[in-house]
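# Summary of the model geometry
Chain residues, written in single-letter form:
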Amino acid sequence: MSTETAKKPSVLFVCVHNAGRSQMAAAFLTTLSDGAIEVRSAGSQPADKVNPAAVEAMAELGIDMSAEIPKVLTTEAVKESDVVITMGCGDTCPIFPGKRYEDWELEDPAGQGVESVRPIRDEIKARIEDLIASLTPAAK
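The structure displayed is predicted, hence computed values, not measured ones.

### What about the overall build of the chain?
- Regarding its fold elements, the chain presents four helices and four strands.
- Its helices and strands taken in sequence order, the chain reads β-α-β-α-α-β-β-α from the N to the C terminus.
- Here the chain holds 140 residues, and 42% of them are scored as buried.
- Considering only residue pairs separated by 6 or more positions, the chain has 71% of its internal contacts joining residues 24 or more positions apart.
- For the chain, the exposed area adds up to about 7,600 Å²; of that, 52% sits on carbon and sulfur atoms.

Here it is in structure tokens:
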């Protein structure tokens, strides 16, 4: 048995504003993977702050995103990630060979109330659970 620790898989979530979908996805992955996966999120045109309705929707599930700040997408963040998941950023996301890319078609929660954000949040959670299963060996 090797004494080396295997490198954790890393995931980058990208949307335009890094204020809703990508922040919720990152928060779910951080929480649900128990630190087994390195998590990043960024936006091609980051907003000034995280969407308050997204913060509220996540708080309902016991996940605090109130301290999160939208971050700008960098080439380095893409290079350092094994999986890049885009959420409506179109052609503004850099593409590198050897990366796994997924595009999640999700409604944009910008400008919507928490009632409209909940179904988006729940869809993201289901996708995150599938993603964790695909990135971590079965714990059996």
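And the narrative resumes.
### Focus on the sheet that holds strand β2 (residues 38–43)
- Strand order across the open sheet formed by four strands is β2-β1-β3-β4, with parallel pairing between neighbours. Among the strands making up the open sheet, the edge pair consists of β2 and β4 (100–103). Each strand axis lies, on average, 20° off the axis of its neighbour in the sheet, ignoring direction.
- Lying over the sheet, helix α1 (residues 21–32) contacts β1 (10–15), β2 and β3 (83–87), oriented at roughly 160° with respect to β1.

### Let's talk about the pattern of salt bridges
- This structure, assessed with the given rule, holds 10 salt bridges.
- Note that arginine 40 and glutamate 38 form a salt bridge whose closest N and O atoms lie 2.7 Å from each other.
- You can call glutamate 38 partly exposed: its relative accessible area is 32%.
- Salt-bridge contacts for glutamate 80 lead to arginine 40; the nearest nitrogen and oxygen are separated by 3.3 Å. Separated by 40 residues along the polypeptide, glutamate 80 in the loop between α3 (75–79) and β3 and arginine 40 in strand β2 bring together distant segments of the chain.
- Given a relative accessible area of 17%, arginine 40 falls into the buried group.
- Put simply, Glu60, Arg118, Arg121 and Asp122 are held in one network by salt bridges that share partners.

Procedures and definitions
Residues numbered from 1 in each chain as written. Predicted model: local features only at pLDDT ≥ 70, side-chain atom pairs only at ≥ 80, totals over all residues. Heavy atoms only, no water. Helix = DSSP H or I, 4+ residues; strand = E, 2+ residues; numbered from the N terminus. Buried < 20%, exposed > 50% of the residue type's maximum accessible area, 1.4 Å probe, protein only. Contact = heavy atoms within 4.5 Å. Areas by Shrake-Rupley, 256 points an atom, 1.4 Å probe, with all protein chains shown as cover. Pairing = 2+ DSSP bridges. Axes fitted to C-alpha atoms, helices over the stretch in contact; angles between N-to-C directions. Salt bridge = Lys/Arg side-chain N within 4 Å of Asp/Glu carboxyl O.

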